[in-house]
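Close look at the chain arrangement
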Amino acid sequence: MINVFPSIEALSVFAAEKICEIAVAAISKQGNFTIALAGGSTPKTLYQLLASDRYKRDIDWSKTFFFFGDERNVLPDAEESNFRMANENLLQPLQIFGKNIFRWQTEIGRAEKIAENYETKIKEFFGYKDDSAGIVFPRFDLVLLGMGDDGHTASLFPFTTALQETKRIAVANRVEKLITNRLTLTFPVINNSANAFFLVSGESKAEALKEVLQGEVQPDKFPAQSVRLKQGNLCWLIDEKAALFLRRQPL
Ligand code: 6PG
């Protein structure tokens with residue numbers, strides 16, 4: 001489903017409403033709600049909304065467990081930390097701490113070690129089987145995703161090794177163009193989620209978005225194309241600026 005909104009504010013209100021619906025249903029059905037947060041700047045308005053008087057009472061946060069779709073290889077209080085952005089705009093305002101938050105522990109050392117540590121925590125939380133019947137990947141109730149102006153999502157960047165990962169849950173991913181090792185959930189996990197929302201805003205994303213949604217299938221060049229949920233609902237939430245070059249269905 002692709003929804004186009006007049007502004008990032010309208011997009012964020014729609015997303016907040018849908019997240020409340022998904023959370024209430026998940027908690028009613030299974031007693032908890034698991035969400036993997038997106039990084040970058042686009043989700044900031046949504047996070048502030050969820051923590052506002054308008055929505056904060058709509059979800060039982062004590063039964064909500066926060067994960068992160070990806071992280072930069074920086075300390076949690078660094079300016080560019082995805083955890084820091086979510087903590088400042090969502091978690092601290094809601095007074096959520098400790099056992100409800102599963103962040104990438106970037107303070108423990110090398111990127112590979114951080115990824116292994118995060119993968120172990122996810123396996124412990126969800127339970128995990130890797131037996132003759134194959135791998136049973138964790139199933140998040142909701143994964144929030146952004147998209148870069150190069151068509152990357154999470155930290156799954158064009159022509160990087162992690163795009164081909166089929167067994168791991170969380171990996172370190174070398175991103176030469178950023179001269180850094182990023183940390184990211186893999187496509188098998190993202191594609192096993194019950195719901196995934198892309199939040200895409202701004203004219204800088206318009207060209208890549210046209211390629212991702214309406215161009216040739218080139219997933220190595222436009223990794224966001226590889227988000228195809230096996231048994232889940234994928235929603236693209238886009239503002240008018242990002243939708244600038246999309247061919248629109250006649251009303
Ligand atoms: C990150 C994100 C990344 C982000 C996109 C869009 O760590 O940067 O996870 O995938 O969602 O780059 O970023 P903006 O929302 O800042 O445009």
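Residues numbered from 1 in each chain as written. Predicted model: local features only at pLDDT ≥ 70, side-chain atom pairs only at ≥ 80, totals over all residues. Heavy atoms only, no water.

**Description of the site of the ligand**
Here is the rule we go by: Here a residue counts as near a molecule or strand whenever at least one of its heavy atoms sits within 4 Å of it. Under this definition, polar contacts are N or O atom pairs within 3.5 Å; protein pairs additionally need one hydrogen-donor-capable and one acceptor-capable atom, and for neighbouring residues in sequence, both atoms have to be side-chain atoms. Each accessible area value is a Shrake-Rupley result obtained with a 1.4 Å probe; residue values ignore everything except the protein chains displayed when judging cover. Throughout, the ten residues Ala, Val, Leu, Ile, Met, Phe, Trp, Tyr, Cys and Pro are labelled nonpolar, Asp, Glu, Lys and Arg are labelled charged, and all others, Gly among them, are labelled polar.
Taken together, the neighbourhood of the ligand is formed by 15 residues, with Thr 42, Asp 70, Arg 72, Ala 154 and Lys 205 sitting nearest. A distance of 2.7 Å separates an oxygen atom of the ligand from a polar atom in the side chain of Ser 41. Burial of the ligand by the protein amounts to 88% of the accessible area it has alone, namely 410 Å². In the shell around the ligand, the residues fall into 2 nonpolar, 9 polar and 4 charged.

**Description of the confidence of the model for the protein**
Which entries qualify depends on this criterion: A residue's pLDDT is the confidence the predictor assigns to it, expressed on a 0 to 100 scale. Numbered from the N terminus, helices here are DSSP runs of H or I no shorter than four residues, and strands are runs of E no shorter than two.
Looking at the protein, pLDDT values average 96 and 99% of them are 70 or higher. Taking the mean pLDDT of every element in the protein, the minimum, 72, falls on strand β5 (residues 129-131) and the maximum, 99, on strand β7 (residues 142-145).

**Notes on the sheet that holds strand β1 (residues 2-5)**
Put simply, the rule is: Two strands are counted as paired when DSSP detects at least two bridges linking them. All axes are obtained by fitting lines to C-alpha atoms, using only the stretch in contact for helices, and the reported angles, taken between N-to-C directions, cover 0 to 180 degrees.
A sheet is described by the order of its strands in space; here 6 strands give the open sequence β1-β11-β10-β7-β2-β3, paired in parallel fashion. With one partner strand each, in any of the chains shown, β1 and β3 (64-68) form the two edges of the open sheet. Along the sheet, successive strands turn relative to each other by an average axial angle of 20°, direction set aside. Examined bridge by bridge, strand β10 (residues 195-200) and strand β11 (residues 233-239) share 6 bridges and lie parallel to one another.

**Some points on the pattern of salt bridges**
Opposite charge on two side chains lets them pair, provided their charged atoms get close. Rule in force here: We define a salt bridge as a side-chain nitrogen of Lys or Arg found within 4 Å of a carboxyl oxygen belonging to Asp or Glu. Relative accessibility decides the category of a residue: with a 1.4 Å probe and only protein chains considered, values under 20% of the type maximum give buried, values over 50% give exposed, and everything between is partly exposed.
Applying the stated rule across the entire model yields 12 salt bridges. Notably, a salt bridge pairs Asp 53 with Lys 56, separated by 3.1 Å at the nearest N-O pair. Salt-bridge contacts for Glu 240 lead to Arg 248; the nearest nitrogen and oxygen are separated by 2.9 Å. Classification of Arg 248 by relative accessible area gives partly exposed; the value is 43%. Via salt bridges that share partners, Glu 79, Arg 84 and Glu 88 belong to a single interconnected network.

**Comments concerning unusual backbone geometry**
Even without glycine at this site, Gln 95 takes up a positive phi of about 55°. Tracing the sequence through the fold places Gln 95 in the loop between α3 (82-91) and α4 (111-126). For Gln 95, a relative accessible area of 62% gives the class exposed. Positive phi values are uncommon outside glycine, yet Ile 179 reaches one of about 50°.

**Notes on the pairing of β1**
Only one face of β1 is buried, namely the one carrying Asn 3 and Phe 5, since none of Ile 2 and Val 4 on the opposite face is buried. Across 4 bridges, the pairing between β1 and β11 is parallel. The residue bridging Val 4 from the neighbouring strand is Ile 238, located in β11.

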